[in-house]
Amino acid sequence: MNSGNFFAELKRRNVYKVAVAYAIVAWLLIQVATQVFPFFEIPNWAVRLVVLLLILGFPIALFLAWAFEITPEGIKRAEDVSPEQSITKHTGRKLIWTTVVLAVIAAGLLAFQFLRPKSATNFGASTIPATGSLPEKSIAVLPFENLSRDPDNAFFTDGVQDEILTNLARVADLKVISRTSVMQYKSGVQRNLREIAQQLGVAHLLEGSVQRAGGKVRVNAQLIDARTDGHQWAQSFDRDIADVFAIQSEIAKAIADQLRAKLSPTEKTAIEQPPTSDVTAFDLYNRAKNILLTTSFNANVQPLYFQAAELLNQAIARDPSFFEAYCLLAYTHDNLYFLGNDHTPARLALAETAIQSAFRLRPDAGEAHHARAENLYRGYLDFDGALAELEIARRTLPNDSRVPELIGYIVRRQGKHEEAVKYLQRALELDPRNFFILEQIALSYQLLHRYSEMAAVLDRGLSIKPGDLEIRTVRASVDLDWKADTRRLHQTIESTLATDPEAIKNVADTWFQCAIAERDPAAAERALVALGQNNLGNDSVYLSPEFATGLIARMTKDETKARAAFAAARAKQEKLVQEQPNYGPVLCVLGLIDAGLGRKEEALREGRRAVQLLPVEKDSINGVHMIEYLAMIAAWVGNKELACQQLAKAVQLPGTLSYGQLKLLPYWDPLRGDPRFEKIVASLAPK
C-alpha cells in the first residue's frame, strides 16, 4: 500500500475522527477527575491512574478503529468488509457531530476555568485536606499545657513549645507549621487532633506539658499520628531548670528521628545550640514575642512595640549573648521606623546596633540574614539588597513563613502586586491560620481594587476566628470602599458599642471614618474620644486627633473651631517635620494642615516636596499616598485643576484610594460638582 492509499484508508476507516474524539473525551474525563475527585476526598493517585489509563487507551482506540468496522450485521474485521458494505460514511457524519458537541463542552469548561476568579475560590473557605493525602514528614507542635501553680509560668511554657518548634523548623526534610497558626489551639481543653491536623495540613502532632517548681522542671511530650490517633512516641524529662534548653533539643532530635527526617550536620548543630543560658532572659524574650504576635490591622501598635523593645532590652541585659533577642529587637526598631511611629535616624541606629550584635554572635545564621533583610527593606527601601539577604536566609530557614512573607511585602512595594500575592500564599501554606498574612493578602486585593477577592480572604479569616473585631470591622469596610455603602460597617460599630463598648477603642479609627462618611459629627466626636491620644492611620501617614477635630469643624462649617484645631495640629506636626525633615508622610500632613489654615503657598510647596521625597518608583504604596495628599492639598487651597490632575494620576495606580472614599469623605468636598472630579469618581464606581 503506497502512502497516498494508506492515508486515504486512515480517513475511510475514521481513524482520524476517532483520534480527535478520543482526545476530547479523554481531556473531559481528566477535568472531571481533577475537579470532582478532591470533593469526595479521593486520593491524588486515583487522578494519576485515570490519566495513565487514558494515555494507554489512545493507541488501542486507534488500532480498533483501523482493524474493525461497523456494518449492518455488526462489528467485523476491516479486511472482511468491502467498501460497498462499509457504513463509515454514515457513522463518520455522526462521529463528526459527536466530536463537535464534545468540543463545545470542552471549550466551555476551559473558558470557565480561565475566567473564574481563582483567588476567590482559594480563599472562599478554609478547605480541609483529606487525611490520607497529608505529607508523611509533616508536623505541628501544639501549645504545651502549663501545669505550674504560678500562671506567670505560661510564658515560660510557651517558650519551651516555641523553641522545640523552631528547632524542628530548621530541618529541610520536614514540613513544620509556624507558631502563629498552632497557638490558636490552646492547651487545657479537649482538642480534636484529627481535625486540627487536617486544618493545618500535617500528618503528625506534638503535644506536651511543662511543670516548673523551684529549681526543677518536668517536660512531658508525645508524638501522635493524627491519621490513626495513635501515639507514636512519648517521653518525660525531669531535670534542673538550667537543663530545659537541652530538653528542647533532645525532643526535637527525637521527633526528627521518629519521622525519619534526614538531619544535615548544620541542622544538627543549630538544634543543639541553646537560645540562652539565662531562664529569666528566656522568659522576657517570650513575653516580647507574644506581644509582637498581636499586631494586626490595628493602627495603634506603637505602645506594643515600645513595650516589646523594653522587654527585649531587659533580656539582653541579663544575657548579652542572646542571639534571638537581638534579631527580634532589630525587627521591633525597624517597624517603629518603617510605620512612621519614630522615623528618625536614632531609631534606625538602634536597629543597626542590634543587627551588628546578632552577626557578631552567629554570622552564618539564617535569622541574622533575615534581620538584615528586614532592616534593608524597612529602613532603607533597599529592595534588591533585602532580597539578596533573604536568599541566604532561606537556605537555613526552610520552614520559616517569614521568608516568603517578607519577599511578598518587598515585591509589593516594587509594584509587583500579583507576584506579591503568590509569595504571601506560599507563606500561608507554612502558616495556614496566620491572621496577619491573611490580612496582608486582603490588602493586596484592596490595592488592586479586587474587592470581591478581598472580601473572600477576610471571610476565611472570620471562619478561623469569628469573634475577631478588627477583621469583622475591616470586612464591613469593604462595602464602603467598593460601593460607597456604609450600612454594614455602621451595623458592626453599633453592635460593638452595644455588646462590648470597651473594645471599640481598637477600631476607633475605622469608626471615625464611618462617621465622617455618614456626615455624623456627633458620632465622629465619640470616635475621637475612644481613640484617645492615638493617631488616625493609613500605612505611614498619620493624622493627629487635633487634625481630626479640625476636620469635623470644617465639615460643620465652624471656621473658628476648625482654625484653632488646625493651629494646634500644626504645632504638633511641625515638630515631627523638624525631627524627620526628609520624610514625605509627615510633610504631606503638614501641607494639608497648612491648606486648612489658608497658607496656600506653603501647603503646595510641602505637598510637592513630599511627592519628590517619596515617589511611586521608590515605594509603590506610600508613593501613591503622596500624590493623593497633593491632590487633597490642591483641592483645599482652591487649585481644582492641579487637584484633578493629581487625582487622575493616583486612581490609575494600585492603591487604597477608592470610589467610596471619593464619593463620601469630606476631604474631597471642595471638588464636588466639578465635571473632572465627577468623571474620576464615576470611573471607580462598581461595574
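**Looking at the overall build of the protein chain**
Point 1. From N to C terminus, the protein chain includes 32 helices and ten strands.
Point 2. Burial statistics for the protein chain: of 687 residues in total, 54% are counted as buried.
Point 3. Sequence-distant contacts in the protein chain: of pairs separated by 6 or more residues, those separated by 24 or more amount to 63%.
Point 4. Working note: accessible area of the protein chain is about 31,000 Å², and carbon and sulfur atoms make up 56% of it.

**Brief notes about unusual backbone geometry**
Point 1. Phi at Arg 260 is positive, roughly 55 degrees, even though this residue is not glycine.
Point 2. Along the chain, Arg 260 falls in the loop between helix H9 (244-258) and helix H10 (265-272).
Point 3. Among the residues examined, Arg 260 registers a relative accessible area of 70% and is labelled exposed.
Point 4. A positive phi angle, near 55 degrees, is found at Arg 519, a position not held by glycine.

**Some words on the packing of helix H15 (residues 366-380) against helix H16 (residues 383-396)**
Point 1. It is at 8 Å that the axes of H15 and H16 come closest, and there the two elements cross at 165 degrees. In terms of orientation, H15 lies roughly antiparallel with respect to H16. Here H15 and H16 pass one another in a crossing that is left-handed. From H15, Gly 366, His 369, His 370, Arg 372, Ala 373, Leu 376 and Tyr 377 reach across to H16, where they touch Phe 383, Gly 385, Ala 386, Glu 389, Leu 390, Ile 392, Ala 393 and Thr 396.
Point 2. Here the residues of the contact of H15 with H16 sort into eight nonpolar, five polar and two charged.

**Here's the deal with the pattern of salt bridges**
Point 1. Under the counting rule described, the total for this entry stands at 37 salt bridges.
Point 2. In this structure, Asp 283 engages Arg 287 in a salt bridge whose closest nitrogen and oxygen atoms are separated by 3.2 Å. Of the two residues, Asp 283 and Arg 287 both sit in helix H11 (residues 279-292), four residues apart, roughly one turn of that helix.
Point 3. A relative accessible area of 23% places Arg 287 in the partly exposed class.

**Some details on the nonpolar core**
Point 1. In this structure, Phe 512, Phe 547, Trp 636, Leu 647, Leu 662, Tyr 667 and Trp 668 are the most contacted members of the largest nonpolar core, which totals 149 residues.
Point 2. Per-element tally for this core: the top contributor is helix H29 (residues 622-636), with ten residues.
Point 3. Phe 547 has contacts with Phe 566, Ala 569, Leu 592, Ile 593, Trp 636 and Tyr 667, leaving out every residue within four places of it along the chain.

**Brief notes about the environment of Leu 361**
Point 1. Summarising the element assignment, Leu 361 is placed in helix H14 (residues 345-361).
Point 2. For Leu 361, a relative accessible area of 28% puts it in the partly exposed group.
Point 3. With residues near it in sequence (within four places) discarded, Leu 361 still touches Pro 320, Ser 321, Phe 322, Phe 323 and Tyr 326.

**Concerning H9**
Point 1. For H9, with 15 residues, the first-to-last C-alpha span of 21 Å sits near the 21 Å given by 1.5 Å per residue.
Point 2. Burial in H9 covers these residues: Val 244, Phe 245, Ile 247, Gln 248, Ser 249, Ile 251, Ala 252, Ala 254, Ile 255 and Ala 256.
Point 3. Backbone geometry just downstream of H9 places Arg 260 in the positive-phi region, at approximately 55 degrees.

**Let's talk about the packing of aromatic side chains**
Point 1. Under the defined criterion, the tally for this structure stands at nine aromatic pairs.
Point 2. Here Tyr 285 and Phe 322 contribute two aromatic rings whose centre-to-centre distance is 5.1 Å and whose plane-to-plane angle is 45 degrees, an arrangement assigned as tilted. With Tyr 285 in helix H11 and Phe 322 in the loop between helix H12 (302-318) and helix H13 (323-338), the pair connects residues that are 37 residues apart, well separated along the chain. The two residues Tyr 285 and Phe 322 agree in class, both being buried.
Point 3. Between the aromatic rings of Tyr 451 and Trp 482, the centroid separation amounts to 6.1 Å while the plane-to-plane angle is 25 degrees, which identifies the pairing as stacked. Here Tyr 451 is found in helix H20 (residues 451-464), whereas its partner Trp 482 is found in helix H21 (residues 469-483), with 31 residues between them in sequence.
Point 4. The exposure class assigned to Tyr 451 is buried, which follows from its relative accessible area of 7%.
Point 5. By relative accessible area, Trp 482 is classed as partly exposed at 26%.
Point 6. An aromatic cluster is built from Phe 156, Phe 245 and Phe 282, whose rings are joined through pairwise contacts.
Point 7. Sitting above the plane of the Trp 482 ring, Lys 483 keeps its charged end 4.6 Å from the centroid.

Parameters and conventions
- Residues numbered from 1 in each chain as written.
- Predicted model: local features only at pLDDT ≥ 70, side-chain atom pairs only at ≥ 80, totals over all residues.
- Heavy atoms only, no water.
- Helix = DSSP H or I, 4+ residues; strand = E, 2+ residues; numbered from the N terminus.
- Buried < 20%, exposed > 50% of the residue type's maximum accessible area, 1.4 Å probe, protein only.
- Contact = heavy atoms within 4.5 Å.
- Areas by Shrake-Rupley, 256 points an atom, 1.4 Å probe, with all protein chains shown as cover.
- Axes fitted to C-alpha atoms, helices over the stretch in contact; angles between N-to-C directions.
- Parallel < 35°, antiparallel > 145°, perpendicular 65-115°, else oblique.
- Left-handed = near helix turned anticlockwise from the far one by under 90°.
- Nonpolar A, V, L, I, M, F, W, Y, C, P; charged D, E, K, R; others polar.
- Salt bridge = Lys/Arg side-chain N within 4 Å of Asp/Glu carboxyl O.
- Core = buried A, V, L, I, M, F, W, Y, C linked by side-chain atoms within 4.5 Å.
- Expected span 1.5 Å × (residues − 1).
- Phe/Tyr/Trp six-rings, centres within 6.5 Å; stacked < 30°, edge-to-face > 60°.
- Lys NZ or Arg CZ within 6 Å of the ring centre and 35° of its normal.

Structural measurements only, silent on function.
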